[in-house]
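Spelled out, the chains give:
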Amino acid sequence: MKLLVIGNGAREHALVWAASKGRHSVFCAPGNAGTAGLGRNLPIDPLNALAIVSACRELGIDLVVVGPEHALAAGLVDALEAAGIRAFGPNKKAAVLESSKAIARAFSERHGIPCAQTTLFSPGTGSADFFRWLDAQQGRRIVLKKSGLAAGKGVMESDDPAELRAFGEAVLAADGLLAEEFLIGQELSVFALCTEGGYRLLDPAADHKKALVGDQGANTGGMGAVSPLPFATKELMARIDREIVGPTFKGMAAESLAYRGILFFGVMATADGPRLLEYNVRMGDPETQSLLPRLENDLGELCFEVSAGRLPVPRFSSRVSCGVVIAAPGYPISYPRGLPVEIRDAGPELALGKPEAGFCTMPGDSAACALLFQAATGRDPDGGLRTGGGRCFTAVGLGQDWAAAQANAYGLASHVHFEGAWYRTDIGAKIYGK
Ligand code: AMP
Ligand code: GLY
C-alpha cells in the first residue's frame, strides 16, 4: 500500500516509522530529516490541499493519514474525499470539535458529558463581562482557554486576578474565551478509533503538559508521555467509556459529525468522576511517540481498515513506554530554529534518521528499546542535522518494566546535543512513583 502521512512533527516521524515497519511505501508531506530516512518526503505544505490531492493522484496514494489539526480544520479531508482519495481523519465540519473549544463545550453540554463548570465569553463584545465575572471569583484558581487552535499554548491557569485579567483580555481581543473551574485529579489521554458505525478504544497515555519538573511553569504542547497507565484501571476506563466516550459518539451521530479516524479525549479523573477537558480529532503529540512502539497491529492496515469503515481490534504489547521531549531553549515562548544537532555515540542508525538507537538497558530484550523521533528537523547540504521547532525530538524508552523504559528514554536523551537543549527529568514520575 502507498501511504501518505501529513505533517512534520515527531508524531509524524512515529507514524511513518510504524507504517514503514509494515513494508508499505510511505510518503510524508512535508516530513522532516527523520521521515526522509524511512520514506520519501514531499515538499508540500499541509495547508495546500490542491497540491496534496495532485501528489496523491500522481503517486497513486492509497491512504492519507493526517497528523496535524490545522490541516484538518482547514478541510484537507474534504478535499481528499471530493477527489476520491481515502483519508484517515475528520472533515472540516467534525474538526470543529477541536478547532473551537466553545463549540465543543456547547456540544458536550448538549449531550450530558461531564466537564469542568465553564463560562463562555464571546469575542468582540469587549472584556467588561469577563472582568465582572472574574471579580466575583474571589481569588479562586481558574483555567482560561482560548477557543481556537493554539498548539497547546492557549491555556492558562492561575489564582492571580491580574494575570487572569491580562490573559483573558488578550484572548478576547481576537477569539472566544472559556473560563473553567480548576479540576484536581489525574489526567489521561484517551483515544478511540472511530467510524460512523462505532468505535474502539486504544490504550490510554498520559501527557505532561507543563513545561517544568513537578508540573510547574507554562502549558506546552506536551513535554513527554507514558503508557500504559497503572491508574487507568478497567473500572476507570469503563466509566470514561460510559460517561464520556459513548455519549460523545452518540451525540456525533445525532449531529452528523461522525467520521473515520481517531478521536482523542483529554480527561481528568477527579474524585467526583472523570471530566472531559477537551477533544482532539487526531492523534496526540507526544502520546503517539509513546503509544505506537507498543502497537502490535500493522499501522497502515489499521488506518486503512478504519478509512474503509471497519474497526479492527487494536492490540498493544505489555511493554512500558516513556517518551521524553527534548526542547529548544526558550520553548514554549520563543526559541531559535536551525540549531546544529549532534547525536553522540548512540549507534549509526540515528544518523540516517532511523529512530532505533543501538543500546538497551535490559540484556536479552531483542525488540527496539530506544527510539529517537525528530520534529521539524532539516539537513544542511553537508548532511548535518538542524532543529526546526520548539519540541525538537522525542526520546522514547521501552522496557519490560518502568525502570527499564525510563532508563532507556533518558539514556537516549543524553546522547542528543544542541545548544540550550533541555527536557523534563521527571516524565512518568507522577504515574510510576519515581
Ligand atoms: P486543554 O487544551 O483544554 O486540554 O488544556 C490544556 C491542559 O491544561 C490540559 O491538558 C490540562 O493539563 C490543563 N487543564 C485544562 N483544563 C483544566 C481544568 N479545568 N482544570 C485543571 N487543569 C486543566
Ligand atoms: N498532547 C496533546 C496534544 O496532542 O494536543
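Scoring rules and cut-offs
- Residues numbered from 1 in each chain as written.
- Chains lettered and ligands numbered in written order.
- Predicted model: local features only at pLDDT ≥ 70, side-chain atom pairs only at ≥ 80, totals over all residues.
- Heavy atoms only, no water.
- Pairing = 2+ DSSP bridges.
- Helix = DSSP H or I, 4+ residues; strand = E, 2+ residues; numbered from the N terminus.
- Disulfide = S-S within 2.5 Å.
- Buried < 20%, exposed > 50% of the residue type's maximum accessible area, 1.4 Å probe, protein only.
- Near = heavy atom within 4 Å.
- Polar contact = N/O pair within 3.5 Å; in protein donor to acceptor, adjacent residues only side chain to side chain.
- Nonpolar A, V, L, I, M, F, W, Y, C, P; charged D, E, K, R; others polar.
- Areas by Shrake-Rupley, 256 points an atom, 1.4 Å probe, with all protein chains shown as cover.
- Expected span 1.5 Å × (residues − 1).

### Here's the deal with the pairing of strand β14 (residues 216–219)
Regular strands place side chains that alternate from one sheet face to the opposite one. Bridge analysis of strand β13 (residues 210–212) against β14 gives 2 bridges, and the strand direction is antiparallel. Among the inter-strand pairings, lysine 210 is bridged to a residue of β14, identified as asparagine 219. Adjacent in sequence and paired antiparallel, β13 and β14 are bridged by 3 residues, among which glycine 214 carries a positive phi angle near 75°.

### A short note on the state of the cysteines
Counting across every chain of the model gives 1 disulfide. Here cysteine 360 connects covalently by a disulfide to cysteine 369, the sulfurs 2.2 Å from one another. Taking the torsion about the sulfur-sulfur bond, which here is approximately -50°, the covalent link between cysteine 360 and cysteine 369 counts as left-handed. A residue is classified by how much of its surface remains accessible, and cysteine 360, at 29% relative accessible area, is partly exposed.

### A closer look at the site of ligand 2
For ligand 2, the full set of nearby residues is Asp207, Lys209, Gly221, Phe264, Asn280, Arg282, Gly284, Asp285, Pro286 and Glu287. In this structure, aspartate 207 approaches ligand 2 through a side-chain N or O atom, which is 2.7 Å from a nitrogen atom. A distance of 2.7 Å separates an oxygen atom of ligand 2 from a polar atom in the side chain of arginine 282. A breakdown of the residues in the shell around ligand 2 according to their chemical character gives 2 nonpolar, 3 polar and 5 charged.

### Let's talk about the site of ligand 1
The environment of ligand 1 is formed by 15 residues, the closest being Lys101, Lys145, Glu180, Leu183 and Glu187. Taking glutamate 180, its side chain carries an N or O atom lying 2.9 Å from a nitrogen atom of ligand 1. A total of 470 Å² of accessible area belongs to ligand 1 in isolation, and the protein chains cover 96% of it. Elements with a contribution of two residues or more to the shell around ligand 1: β7 (142–146), β9 (177–181) and β17 (273–280). Tallied by class, the residues present in the shell around ligand 1 amount to 7 nonpolar, 1 polar and 7 charged.

### Description of the sheet that holds strand β24 (residues 416–417)
The strand order across the open sheet built from 4 strands is β21-β22-β19-β24, with neighbouring strands paired in antiparallel fashion. For this open sheet the edge positions go to β21 (378–379) and β24, each flanked by a neighbour on one side alone. In this sheet, β24 lies alongside strand β19 (residues 340–343) in antiparallel orientation, the contact comprising 2 bridges. Bridged to isoleucine 343 within β24 is valine 416.

### Some details on helix α1 (residues 10–21)
With 12 residues, α1 ought to run about 16 Å at 1.5 Å a step, and its terminal C-alpha atoms sit 17 Å apart, in line with that. With 10 of 12 residues buried, α1 lies mostly within the body of the structure. Every buried residue of α1 is accounted for by Ala10, Arg11, Glu12, His13, Ala14, Leu15, Val16, Trp17, Ala18 and Ala19.

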